[in-house]
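# Understanding the architecture of this molecule
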Amino acid sequence: MGQHCWKDKHPKNEGKTKQNETTYAEKKSEAADDKKLSETSRKPGFFHEGDEICSISGIGEGSAVLGGEDGGLKVVNLHTGKIQSEHTGGHKGDVRRIYHHTTTDIITTSGRDKTAKIWSLGPPENRQLQHLRTLTGHTMAVANCCMNDSGDRVVTGSRDNSMRLWNTETGDAIKIKTVARNLVHCMAWLQNDTVVQGGENLKLYLWDVRDDNLNQLTDAITGVPDQPVCMLKDTSSEFSIFVGYKGFTAASAVVRQWDIRMQKEVLKFTGHDKCLTDIACFSSDVLLSAAQDRSIIAWDRASGDMICSASLASKGAPTDFSVTGDLCSVSTTEGEVIVHSFDKDKGCFMPPLTYAHD
């Protein structure tokens, strides 16, 4: 499966490589003693051999929704590998993004086929994907989608330079906003009335969606020479957002925390070497991220210090990243799902379970 890269809680300390090796040995011994996790293992993959898994979203209870390059969706149990529900041909082409609304248990998906779709999942004890409605109108691939806290509005962003606000219940487009050269990558709701969005023009936009509008609140946040590619709302502050950037060096492949109200960078998380794949919240004090350097990192949210990291023994490049419970899951271009458990008490990732075709 390849070597795991474990780092101590303060990676800036001298001699960290030697410390990491000791830490890994100690933590592996502890894990064996308490028998919380099995040894590294592999199980059969979820899609056809060679098919890319484009997106993944944890939905609780150790389960996740996977989106394939064939447009299909599958609800899977990450502990057992059981497929709980599936829907073939939901999209015609890549499922670019899956967003799970935890309150309503509704998911929205966006695709290369220029559409977004809304689905119900059913109760946790009997997950059954049911297509509710399709959102049409974009003229290019829909890169991202997300819902507001109350679940009655969906916002989508596309490579056609537009943002669209939709009524979740009816599927009607309420408002359309187009900005030249704003090929949308990522977005997030801050509150029910504000959406933050980033794209290929290197800017972060703030959109006021009160009264079902899409009005730009202030001047876009600029000054960072890299593309924002993923985004996560900071649940501890109504004016804070985490943004992951596209870069090919450690200096640019970073996560930045922004104070949106002050338009000011608060903190920078540095440790990846290539473009960020996605960011996830593990707890109120731990942030997780995955990147194209085939690594996942756990961060101290207050200080920005790295707690630990793990390398992904993968044939393909990461396509998406999600957290459900203590399980951190990465999907790849080779159809793999690599599942690491993060032990917060010990400050380390445990050996992975990989779903893949040999």
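Everything discussed here concerns the structure shown above.
Summarised in this report is the structure supplied together with it.

Calculation rules
- Residues numbered from 1 in each chain as written.
- Predicted model: local features only at pLDDT ≥ 70, side-chain atom pairs only at ≥ 80, totals over all residues.
- Heavy atoms only, no water.
- Helix = DSSP H or I, 4+ residues; strand = E, 2+ residues; numbered from the N terminus.
- Buried < 20%, exposed > 50% of the residue type's maximum accessible area, 1.4 Å probe, protein only.
- Pairing = 2+ DSSP bridges.
- Axes fitted to C-alpha atoms, helices over the stretch in contact; angles between N-to-C directions.
- Core = buried A, V, L, I, M, F, W, Y, C linked by side-chain atoms within 4.5 Å.
- Contact = heavy atoms within 4.5 Å.
- Disulfide = S-S within 2.5 Å.
- Polar contact = N/O pair within 3.5 Å; in protein donor to acceptor, adjacent residues only side chain to side chain.
- Salt bridge = Lys/Arg side-chain N within 4 Å of Asp/Glu carboxyl O.

Even without a glycine there, the phi angle at D212 is positive, about 60 degrees. Here D212 lies in the loop between β16 (204-208) and β17 (215-216). Relative accessible area serves as the criterion here: at 27%, D212 is assigned to the partly exposed category. With a phi angle near 60 degrees, R294 is a residue other than glycine that sits in the positive phi range. For R294, the location among the structural elements is in the loop between β23 (286-291) and β24 (295-300). Note on R294: relative accessible area 29%, which makes it partly exposed.

Here we come to the pairing of strand β19 (residues 240-245). In terms of burial, β19 is largely enclosed, as six of its six residues are buried. A two-sided burial pattern is seen for β19, the buried positions comprising S240, F242 and G244 on one face and I241, V243 and Y245 on the other. In terms of strand pairing, strand β18 (residues 228-233) meets β19 through five bridges, oriented antiparallel. Following the sheet pairing, C230 is matched in β19 by G244. Joining the antiparallel neighbours β18 and β19 is a turn of six residues. As judged from the five bridges shared by β19 and strand β20 (residues 254-259), these two strands associate in the antiparallel manner.

Our next topic: the sheet that holds strand β22 (residues 276-283). Taking strand neighbours across the sheet as the criterion, the four strands line up as β22-β23-β24-β25 in an open arrangement whose pairing is antiparallel. Here the strands that pair on one side only, and so sit at the sheet edges, are β22 and β25 (306-311). Ignoring which end each strand starts from, the neighbouring axes of this sheet average 20 degrees apart. Where β24 and β25 come together, five bridges link them in antiparallel fashion. Bridging from a neighbouring strand, I297 pairs with S309 of β25.

A separate point is the nonpolar core. By size, the foremost hydrophobic cluster in this structure holds 18 residues, and its most contacted members are L288, A298, F321, F342 and F349. Elements with a minimum of two residues in this core: β22, β23, β24, β25, β26 (318-324), β27 (327-332) and β28 (337-343). The contacts of F342, once residues within four sequence positions are left out, are F282, V286, A298, C308, D326, C328, G347, C348 and F349.

Here the structure, examined in full by the defined rule, presents zero disulfides. C145 forms no disulfide, and the closest cysteine sulfur to it belongs to C146, at a distance of 7.2 Å. Accessibility expressed as a relative area gives 1% for C145, which makes it buried.

The topology assignment puts S237 in the loop between β18 and β19. Among the residues examined, S237 registers a relative accessible area of 29% and is labelled partly exposed. Distance in space between the C-alpha atoms of S237 and D259 is 9.1 Å, their sequence separation being 22 residues.

Residue position: M306 is located in strand β25. The exposure class of M306 is buried, given its relative accessible area of 5%. With 36 residues separating them in the primary sequence, M306 and T270 have C-alpha atoms 8.2 Å apart.

Right, let's get into the side chain of T156. Assignment of secondary structure puts T156 in strand β11 (residues 153-158). A polar contact is formed between the side chain of T156 and the side chain of H138, at a distance of 2.8 Å. Excluding its chain neighbours within four sequence positions, the residues that come into contact with T156 are A116, H138, V142, N144, C145, S162, M163, R164, W166 and M187.

Side chains that differ in sign of charge can pair as their charged atoms come close. With the rule as written, the count across this model stands at 12 salt bridges. For the salt bridge of E200 with R159, the shortest nitrogen-to-oxygen distance reads 2.9 Å. You can see E200 sitting in the loop between β15 (194-199) and β16 and its partner R159 sitting in the loop between β11 and β12 (162-167), a full 41 residues away along the chain. The residue D285 makes a salt bridge to K344 at a minimum N-O spacing of 2.8 Å. Residue D285 is found in the loop between β22 and β23, and its partner K344 is found in the loop between β28 and β29 (348-349); the two are separated by 59 residues along the sequence. For K344, a relative accessible area of 38% puts it in the partly exposed group. Because the salt bridges share partners, they merge into one network encompassing R97, D278 and D320.

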